[in-house]
Amino acid sequence: MEILTAIVVMALGALTLGAALGYAAIRFKVEGDLITGKIEAILPQTQCGQCGFAGCKPYAEAIARDEAEINLCPPGGDEGARKLADLLGREFKPVSGGGDGEAAKPKLTAIIREAECIGCTLCIQACPVDAIVGAARQMHTVIDALCTGCELCVKPCPVECIDMAPVPETLATWKYAYPVIPIKSVERASDVSHNVAAMNDAESSHQKVA
Ligand code: SF4
Ligand code: SF4
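As the structure is a prediction and not an experimental result, all values here were calculated from the model.

About the cut-offs
Residues numbered from 1 in each chain as written. Chains lettered and ligands numbered in written order. Predicted model: local features only at pLDDT ≥ 70, side-chain atom pairs only at ≥ 80, totals over all residues. Helix = DSSP H or I, 4+ residues; strand = E, 2+ residues; numbered from the N terminus. Contact = placed C-beta atoms within 7 Å. Near = placed C-beta within 6 Å. Nonpolar A, V, L, I, M, F, W, Y, C, P; charged D, E, K, R; others polar. Buried ≥ 20, exposed ≤ 12 C-beta atoms within 10 Å, placed from the backbone. Arc of directions from axis to C-beta. Core = buried A, V, L, I, M, F, W, Y, C linked by C-beta atoms within 7 Å. Expected span 1.5 Å × (residues − 1). pLDDT = per-residue confidence, 0-100.

Attention shifts here to the overall build of the protein chain. For the protein chain, the helix and strand inventory stands at 6 helices and 4 strands. The secondary structure elements of the protein chain, listed N-terminal to C-terminal, are α-α-α-α-β-α-β-β-β-α. When contacts within the protein chain are restricted to residue pairs at least 6 apart in sequence, those whose partners lie at least 24 apart make up 52%.

So, in structure tokens, the structure goes:
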């Protein structure tokens, strides 16, 4: 009987603690985490580091803190940058800084020169999206549809048999290039009329003095 009472008391204690922790998690949830999570969900999770951060999560955190641009992720491309702009109400900028007349970097895919591959498997280990297939001491190849063009497999290859090539544009891959209209600050009509009135006042007082 005493054992049963002890079990009931422990179960009730665990339930009470669980409920308190659950309530606290919802009641005191930090809003920043919510935004970071939404940003992270848009990022492609390739963890390639091309954005200049150690992975997708640190980049998402930097965006949430307004410390990073939203167009630094080549695997996410313009589509990802546009989603981030919509989510955060920021101005859309094409990936690779194409805004200042610089051509946007074309989407790349890895190609293994299979005859030269020695089957070391280092590229498989480097690929964050499992886009390379092969086995030890066997030829390796890239699954085009999965490759994000992150280039992480290029450096580890000891025989330098991996090339990055632009993805050829086909009817299936073509996307309409949205025109980018830069946002410029303009004077409000009331400010303009106020400035004109001030200029007229200054001119008339100048004429009186003369
Ligand atoms: S195959 Fe190479 S370039 Fe393509 S996603 Fe994998 S690591 Fe990146
Ligand atoms: S790193 Fe280079 S040599 Fe090694 S398996 Fe990959 S493609 Fe082949």
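Moving on, we come to the site of ligand 2. Near ligand 2, the surroundings consist of 15 residues, among which Cys117, Cys120, Leu122, Cys123 and Cys157 are the closest. Looking at side-chain class alone, the shell around ligand 2 contains 11 nonpolar, 4 polar and no charged residues.

Residues in close proximity to ligand 1 total 14 residues, the closest being Ala110, Cys127, Cys147, Cys150 and Cys153. Of the residues that constitute the shell around ligand 1, the class distribution is 11 nonpolar, 2 polar and 1 charged.

Bringing helix H3 (residues 56–64) into the picture now. Taken together, the buried positions of H3 are occupied by Cys56, Tyr59, Ala60, Ile63 and Ala64. Taken around the axis of H3, the buried residues stretch over an arc of 140°, which confines them to a single face. Once H3 ends, the next one or two residues include Asp66, with phi positive near 65°.

Attention now moves to the nonpolar core. Grouped together as the largest cluster of nonpolar side chains are 14 residues, with contacts concentrated most on Ile39, Leu43, Tyr59, Ala60, Ile63 and Leu84. Top contributing element to this core by residue count: H3, with 5 residues. With residues up to four places along the chain from it excluded, the contact list for Leu84 reads Ile39, Ile42, Ile63 and Ile70. Counting 13 residues, the second-largest nonpolar core is a separate cluster that includes Ala110, Cys150, Cys153 and Ile162.

Further remarks concern helix H4 (residues 77–88). The end-to-end C-alpha separation of H4 is 17 Å, in line with the 16 Å expected for 12 residues at 1.5 Å each. Positioned one or two residues after H4, Gly89 has a phi angle of 65°, which is positive.

All right, on to unusual backbone geometry then. Backbone geometry places Gln45, a non-glycine residue, at a positive phi of 60°. Within the element layout of this structure, Gln45 appears in the loop between helix H2 (31–42) and H3. On the basis of neighbour counts, which here come to 16 C-beta atoms within 10 Å, the residue Gln45 falls in the partly exposed class. In the Ramachandran plot, Asp66 falls in the positive-phi region, its phi being about 65° despite a non-glycine side chain. Within the secondary structure, Asp66 is located in the loop between H3 and H4.

Summarising the model, the protein chain shows a mean pLDDT of 82, and 75% of its residues fall at 70 or more. In this model residues 97–101 is a low-confidence stretch, pLDDT under 50, and it forms 6 contacts with partners more than four residues away in sequence or in other chains.

Let us now look at the environment of Ala131. Its location among the elements puts Ala131 in the loop between helix H5 (122–126) and strand S2 (132–133). When the 22 C-beta atoms within 10 Å are taken as the criterion, Ala131 is described as buried. Once you skip the residues sitting within four places of it in the chain, Ala131 turns out to touch Val142, Ile143, Leu146 and Cys147.

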